[in-house]
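Here is how the chains run, residue by residue.
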Amino acid sequence: MKGKFVTFEGCEGVGKSRQIKLLCEYMDKNGISYYITREPGGSEISEQIRNVILDGKNSAMTDECEALLYAAARAQLLTEVIEPRLSSGELVFCDRYIDSSLAYQGYARGLGEEFVSAINSFAIKNFTPDCTVFLKLSPEAAFKRKGGVDTSDRVELSGMDFHNRVYEGYLRLAEKHADRFCVIDASGTKEETHQKIVAALKERGII
Ligand code: TYD
């Protein structure tokens, strides 16, 4: 893998999409090239899988089915989009990746890290991020700032206990993979958080 691979993680409503947008604007302004994609989705087939996973009508979906669909969408995205770009030396940003599965399916849904790691190691081969930017903000603080829950989104409807477990899962992952996790305190203003992300990526020689 010649390029650099950076993933972005966080609980619902922490401002991840906003921060990724600000970072992309920064990159454009400074003439630094990159490729941005997202999970679940990022390729035609993976976007179709995304629609199935996030559809509020699919409330009968089992946890196992959900975990396998996320891994399937990831396998397609990796082979079709991420791997060729990294091989040709590009900088790739991905909005969520394997740590989302470990936190949401492994910890919060209770499937366990071992099972989720196993299906995902098959999906992502050895493509581990060089850096995982984790926006740290508790679900209570995030939902308060966001002004409530999106009732058309099956995942957001899962309840506060679920989101607290996701948060707990992320904290454990950040501790376990301290070498690649870059923990950013997201409780300040958007501009403060943005500056912290830029500084962290510079410090690691990514940008
Ligand atoms: P999205 O609308 O993209 O949310 P966000 O802006 O918070 O990233 O929806 C993605 C949802 O899918 C989000 O609730 C997290 C969840 N998810 C998992 O549970 N496991 C995964 O592996 C991934 C990639 C996402």
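Before reading further, recall that the structure is shown in the block above.
Reading the values: rules and limits
- Within every chain, residues take consecutive numbers counted from 1 along the sequence as written.
- Reporting of local features is limited, given that this is a predicted model, to residues whose pLDDT is at least 70; pairs of side-chain atoms are given and counted only at 80 or more, and all residues count toward the totals for whole chains, interfaces and linings.
- Neither water nor hydrogens contribute to the side-chain values; these are computed over all heavy atoms in the structure.
- Proximity criterion: a residue is near a molecule or strand once any of its heavy atoms comes within 4 Å of it.
- Each polar contact in these results corresponds to two N or O atoms within 3.5 Å; when the atoms are within protein, one needs to be able to donate a hydrogen and the other to accept it, and residues that are neighboring in sequence are counted only if both atoms are side-chain atoms.
- Only the protein chains shown count as cover for residues, and the accessible areas themselves come from Shrake-Rupley with a 1.4 Å probe.
- Points on a 1 Å grid over protein atoms alone make up a cavity when a 1.4 Å probe fits among them but cannot get out, and a pocket when they form an open set with protein on both sides within 12 Å along at least five of seven lines; lining residues each have an atom within 4 Å of a point.
- Grid points are joined across faces, edges and corners, and a volume is the space filled by probe spheres set on the points.
- Strands are runs of DSSP state E lasting at least two residues, helices are runs of H or I lasting at least four, and both sets are numbered from the N terminus onward.
- Polar here means any residue outside two lists: the nonpolar Ala, Val, Leu, Ile, Met, Phe, Trp, Tyr, Cys and Pro, and the charged Asp, Glu, Lys and Arg; Gly therefore counts as polar.
- By the convention used here, strands pair only if DSSP detects at least 2 bridges between them.
- Axis definition: a line fitted to C-alpha atoms, limited for helices to the stretch in contact. Angles are taken between N-to-C directions and run from 0 to 180 degrees.
- Contacts between residues were defined by any pair of non-hydrogen atoms, one from each residue, lying within 4.5 Å.
- An angle below 35 degrees is read as roughly parallel, one above 145 as roughly antiparallel, one from 65 to 115 as roughly perpendicular, and any other as oblique.

Draft legend 1. Local environment of the site of the ligand. Near the ligand, the surroundings consist of 15 residues, among which Glu12, Lys16, Arg96, Ser101 and Gln105 are the closest. Between the ligand and tyrosine 70 there is a distance of 2.9 Å, counted from an oxygen atom to a side-chain nitrogen or oxygen. A distance of 2.8 Å separates an oxygen atom of the ligand from a polar atom in the side chain of arginine 74. In the complex, the protein chains occlude 89% of the 540 Å² of accessible area that the ligand would expose alone.

Draft legend 2. Quick peek at the layout of surface pockets. Of the pockets and cavities examined, the largest pocket occupies roughly 560 Å³. Elements represented by at least two residues in the lining of the largest pocket include exactly helix 1 (16–29), strand 2 (35–38), helix 2 (44–54), helix 3 (63–87) and helix 4 (98–108). Top element by residues in the lining of the largest pocket is helix 4. It accounts for 4 residues. Tallied by class, residues from the lining of the largest pocket come to 8 nonpolar, 7 polar and 11 charged. Of the voids in this model, the second largest pocket is the one considered here, and its volume is about 160 Å³. Lining the second largest pocket are 13 residues, and of these Ile98, Ser117, Ser121, Ile124 and Thr128 lie nearest its centre. Of all elements in the fold, only helix 4 and helix 5 (113–124) reach the threshold of two or more residues within the lining of the second largest pocket. Broken down by element, the lining of the second largest pocket gets its largest block of residues, 5 residues, from helix 5. Looking at the lining of the second largest pocket residue by residue, the class counts come to 3 nonpolar, 6 polar and 4 charged.

Draft legend 3. Highlighting the sheet that holds strand 4 (residues 131–136). The strand order 2-3-1-4-5 describes an open sheet built from 5 strands, whose pairing is parallel. Each edge of the sheet is formed by a strand with only one pairing partner; in this case those strands are strand 2 and strand 5 (181–185). Put simply, the sheet's adjacent strands are angled 20° from each other on average, direction ignored. Note: strand 4 against strand 5, 5 bridges, orientation parallel. The residue of strand 5 that forms the bridge with leucine 135 is isoleucine 184. In the packing of helix 7 (residues 160–176) onto the sheet, the strands contacted are strand 1 (4–10), strand 4 and strand 5, and the crossing angle to strand 4 comes to about 140°.

Draft legend 4. Representation of the packing of helix 3 against helix 4 in the model. Where helix 3 meets helix 4, the axes come as close as 11 Å, and the angle between the chain directions of the two elements is 175°. It follows that helix 3 is roughly antiparallel to helix 4 by the angle criterion. From helix 3, Glu66, Ala67, Tyr70 and Arg74 reach across to helix 4, where they touch Ile98, Ser101 and Gln105. Classifying every residue of the contact of helix 3 with helix 4 gives 3 nonpolar, 2 polar and 2 charged.

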